[in-house]
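Fold and contact review
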Amino acid sequence: MLAAVCALALAGLTPGAARAQQANVRAQLTARGLPAELVGQVAAVAADAAAHGLPTATLADKALEGWAKKVPAPRIVSVLVQFAARMGEARDAVRAAGVPNPPGEVVSAAAEAMGRGMTPVQVGDVARAGSGGEAMGVAPSLRVASALSAQGMAMGQAVLVVTR
């Protein structure tokens, strides 16, 4: 128990804040009609993410998107676990680029970009170029590079375009 409290404190969350995030995820998913078992599984992934200082809103959004697309529940949970792990890597890449406390929006955008093939080094390049002294400038830069890549541009070229 003490280790969990210490981990939450290091992540900037009190145990109450983590529970509040988990309750919010549960309420949002329940209100949208997801089955109780899936809600519980998603809430567990979100609680683990919150305990590691990661944003949870994107996880809830991804669960809702998967459910709307009729993706089987086990696949939704698997994708969320993978995305949460990627958010941890993405946060570390943004921190290494000089953004010590990246907002959840930046972490989520970096994780999405990495899911499209951006490397942690490239995330760092975009973060350094896109921050302009403010962490929130990073998320749009990451999204633009991802969009360019999705349109067929090589990720390296997309990063170069955005960083210039």
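Heads up: these notes are all about the structure in this document.

**Observations regarding the environment of A129**
- As for its position among the elements, A129 is in helix α7 (residues 120–131).
- Residue A129 is classed as partly exposed on the basis of its relative accessible area, which comes to 41%.
- In this structure the C-alpha to C-alpha distance between A129 and V159, which are 30 residues apart in sequence, comes to 9.9 Å.

**Comments concerning helix α8 (residues 138–150)**
- When the terminal C-alpha atoms of α8 are compared, their 18 Å separation across 13 residues agrees well with the 18 Å that a helix rising 1.5 Å per residue should span.
- Restricting attention to buried positions, one finds in α8 the residues V138, A139, S141, L142, A145, S146 and S149. On an axial view of α8, the arc spanned by its buried residues comes to 165°, and they lie on one face.
- Backbone geometry just after α8 places G152 at a positive phi near 110°.

The rules behind each value
- Residues numbered from 1 in each chain as written.
- Predicted model: local features only at pLDDT ≥ 70, side-chain atom pairs only at ≥ 80, totals over all residues.
- Heavy atoms only, no water.
- Helix = DSSP H or I, 4+ residues; strand = E, 2+ residues; numbered from the N terminus.
- Buried < 20%, exposed > 50% of the residue type's maximum accessible area, 1.4 Å probe, protein only.
- Expected span 1.5 Å × (residues − 1).
- Arc of directions from axis to C-beta.

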